[in-house]
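Chain and residue survey
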Amino acid sequence: EKLCTVAKVPHVVCWKGTVDDSLAAQSAKTFWQSLDKDYRVRHCGEGDSREEATDRLACRIETAIKKCKIQLMEVKKRAFKEGGVKAVPRERLCLLNSEGGDLLPGDSEDEKGFGRRRLVAFFPEKRLENISPLGEDLCSFLYASDVWDFEPHAWPTADLFCDTMVAVAGQGGIVHFAGHCSREGALHWLKDREGRESEALDASVFVDVMKEAVKRGAVVCVVLNACLSLSLGEKLCTVAKVPHVVCWKGTVDDSLAAQSAKTFWQSLDKDYRVRHCGEGDSREEATDRLACRIETAIKKCKIQLMEVKKRAFKEGGVKAVPRERLCLLNSEGGDLLPGDSEDEKGFGRRRLVAFFPEKRLENISPLGEDLCSFLYASDVWDFEPHAWPTADLFCDTMVAVAGQGGIVHFAGHCSREGALHWLKDREGRESEALDASVFVDVMKEAVKRGAVVCVVLNACLSLSLGEKLCTVA
């Protein structure tokens, strides 16, 4: 960099990171063989003088570096196949030009001029022998694909993440994180590369790093395959202006997260190769359709998740149904926000949110169980039941419901004043009343958003509350 900026050397070939001697020698030989052949065959053989050919040096050097990068990527693929992510060489070859137009790979090998979209992945699992099964499985698929310029990081520290993102050039890349996230949006990274302890990186730092990457055109999508990552996802969209963010609401089981990630990337991979490139579109034109591809991939994940939830309900009842929800946020609007449901937008179903606040510990009330069995089996409803709900859970759920003209079903107790009874906690031993005015206010806001068109109060003495819902909300 100093040679380019201070000494004004027109072209500089160099390495980022440490490089194995044999790999450096192999790359040097490939570089000079390419340059030698280019001088003699491509131009001198076509009648150009040596002087005229020399003027084309910049193009020749870039071509030679690209050949080296292709060779290096093959070396890395073989290393991964034989020893996993940990065995993949981390060095990166760079071409700097004093007048701009650098071939800067950041921390990847095969990202510019090869028709691949950059994908940087972080797997901060506390494992010592190998990368987490989630990462290993995903890496196997992505390394084998010719769609992605894939750069995985096993056992990354927060510093490694920051350094990597600073180096990513403007190529509209995707960042994938698979790990843990706090309710405040702090992602967990390893304290050191040994992987014995982890530490949280404040959400604001992560957002600031991504904001700078977006400004450089380096990132167009962030995938947060982590529990409780919705709040961080919202900050990435609103503050960092990341165009597309995939995240989770609630806690998610590792196997389910892994399954969803694989479905997401397989869908995106197939979409790039078959649906567009196979129809005559250039890779550049296909890249412009990223938003549509991501939404399609998320919908496939949601269909898969709904099937998982249906099976869980059939085997163990409502209590066994996973509560996590997959979300797609877009900085320019048009979010695929499921609230607390999986299969609600674009699938032709009407949203139905049901609350069963019966004081039962072993299972949901017989009324609820019977109703759920029917509604889960139906393909008409996007059905989301809540067993033993608290008033807070009700309020949070309704705030998250998007504008889809849904129906709310309540089965429980109501006072003469219209106060519905909810559980004090999820154990279900005691209940408490929620003032009618609060319930009405929550529904009023939901109606304003177009989220609710009908409320079913399957409760004694609920007429007075029903009248308020009609006249006020």
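Note that this is a predicted model, so its numbers are computed, not measured.

**Things to note about the overall build of the chain**
Scanning the chain for helices and strands turns up 15 helices and 16 strands. Per-residue burial over the chain gives 51% buried out of 473 residues. Here the contacts in the chain between residues at least 6 apart in sequence split such that 72% fall between residues at least 24 apart.

**Concerning the packing of aromatic side chains**
Enumeration over the complete set of coordinates arrives at 13 aromatic pairs. On the basis of an interplanar angle of 85° and a centroid distance of 5.1 Å, the ring pair of Trp148 and Trp265 is categorised as edge-to-face. Within this pair, whereas Trp148 is found in strand 4 (residues 148-154), its partner Trp265 is found in helix 9 (residues 254-276), the two being separated by 117 residues in sequence. Residue Trp148 shares its accessibility class with Trp265, and that shared class is buried. In this structure an aromatic cluster arises from ring pairing among Phe122, Phe161, Phe177, Trp189 and Phe206.

**Some details on the nonpolar core**
Ranked by internal contacts, the top residues of the largest apolar core, which has 38 residues, are Trp148, Ile174, Phe264, Trp265, Leu268 and Ile294. No other element matches helix 11 (residues 290-316), which puts 7 residues into this core. Each residue touching Phe264, except ones within four places of it in the same chain, is listed here: Val223, Val246, Ile294, Ala297, Ile298 and Cys301. If you look at the next biggest cluster of nonpolar residues, it comprises 36 residues, including Val175, Phe206, Leu236 and Ala240.

**Concerning the sheet that holds strand 16 (residues 452-459)**
What the 4 strands build is an open sheet, ordered 12-11-13-16; its pairing is parallel. The sheet terminates laterally at strand 12 (381-387) and strand 16, the two strands that pair on one side only. Averaged over all pairs of adjacent strands, the angle between strand axes in this sheet comes to 15°, irrespective of strand direction. Note that strand 13 (residues 406-412) and strand 16 share 7 bridges and pair parallel. Bridge pairing in strand 16 links Gly406 to Val452. Against the sheet, helix 13 (residues 391-400) touches strand 11 (350-356), strand 12, strand 13 and strand 16, its axis set at about 175° to strand 11.

**Details of the packing of helix 14 (residues 436-448) against helix 15 (residues 463-471)**
At a minimum axis distance of 10 Å, the contact between helix 14 and helix 15 shows a crossing angle of 35°. The crossing of helix 14 and helix 15 is right-handed. Along its contact with helix 14, which presents Ala436, Phe439, Val440 and Met443, the element helix 15 presents Leu465, Lys468 and Leu469. For the contact of helix 14 with helix 15, a count of residues per class yields 6 nonpolar, no polar and 1 charged.

**Side note on the packing of helix 7 (residues 203-215) against helix 8 (residues 230-238)**
For the pair helix 7 and helix 8, the least separation of the axes is 10 Å and the interaxial angle reads 35°. For the element pair helix 7 and helix 8, the recorded crossing hand is right-handed. Of the residues in helix 8, those touching helix 7 at Ala203, Phe206, Val207 and Met210 are Leu232, Lys235 and Leu236. In terms of residue class, the contact of helix 7 with helix 8 is built from 6 nonpolar, no polar and 1 charged.

**Quick notes on the state of the cysteines**
A full pass over the atoms with the stated rule returns 0 disulfides. Left unpaired, Cys327 is separated from the closest cysteine sulfur, that of Cys247, by 4.9 Å.

**With respect to unusual backbone geometry**
With phi around 60°, Lys8 is a residue other than glycine that occupies positive phi space. Within the fold, Lys8 resides in the loop between helix 1 (2-5) and strand 1 (11-16). A residue is classified by how much of its surface remains accessible, and Lys8, at 54% relative accessible area, is exposed. Its identity is not glycine, yet Trp155 carries a phi of approximately 50°, on the positive side. By the secondary structure assignment, Trp155 is in the loop between strand 4 and helix 6 (158-167). A relative accessible area of 5% means that Trp155 is categorised as buried.

**What about the sheet that holds strand 10 (residues 325-330)?**
If you walk across this open sheet you meet the 6 strands as 4-3-5-8-9-10, and the pairing is mixed. Both edges of this open sheet fall to strand 4 and strand 10, since each of them pairs with a single strand only. With direction set aside, neighbouring strand axes in the sheet form an average angle of 15°. Looking at chain direction, strand 5 (residues 173-178) and strand 8 (residues 219-225) are connected through 6 bridges and run parallel.

**Observations concerning the environment of Glu99**
If you trace the backbone, Glu99 turns up in the loop between strand 2 (92-97) and strand 3 (117-123). For Glu99, a relative accessible area of 79% translates into the label exposed. Through-space distance from the C-alpha of Glu99 to that of Lys8 is 8.6 Å; in sequence the pair is 91 residues apart.

**Concerning the pattern of salt bridges**
This structure, assessed with the given rule, holds 8 salt bridges. Across the salt bridge formed by Arg118 and Glu151, the nearest N and O atoms sit 2.3 Å from each other. Placement of Arg118 in strand 3 and of Glu151 in strand 4 is noted, with a sequence separation of 33 residues between them. Residue Glu445 is joined to Lys448 by a salt bridge in which the shortest nitrogen-to-oxygen separation is 3.6 Å. Pair noted here: Glu445 and Lys448 are both in helix 14, with a separation of 3 residues, about one helical turn. Taking relative accessible area as the criterion, Glu445 reaches 40% and is therefore assigned partly exposed.

About the criteria used
Residues numbered from 1 in each chain as written. Predicted model: local features only at pLDDT ≥ 70, side-chain atom pairs only at ≥ 80, totals over all residues. Heavy atoms only, no water. Helix = DSSP H or I, 4+ residues; strand = E, 2+ residues; numbered from the N terminus. Buried < 20%, exposed > 50% of the residue type's maximum accessible area, 1.4 Å probe, protein only. Contact = heavy atoms within 4.5 Å. Phe/Tyr/Trp six-rings, centres within 6.5 Å; stacked < 30°, edge-to-face > 60°. Core = buried A, V, L, I, M, F, W, Y, C linked by side-chain atoms within 4.5 Å. Pairing = 2+ DSSP bridges. Axes fitted to C-alpha atoms, helices over the stretch in contact; angles between N-to-C directions. Left-handed = near helix turned anticlockwise from the far one by under 90°. Nonpolar A, V, L, I, M, F, W, Y, C, P; charged D, E, K, R; others polar. Disulfide = S-S within 2.5 Å. Salt bridge = Lys/Arg side-chain N within 4 Å of Asp/Glu carboxyl O.

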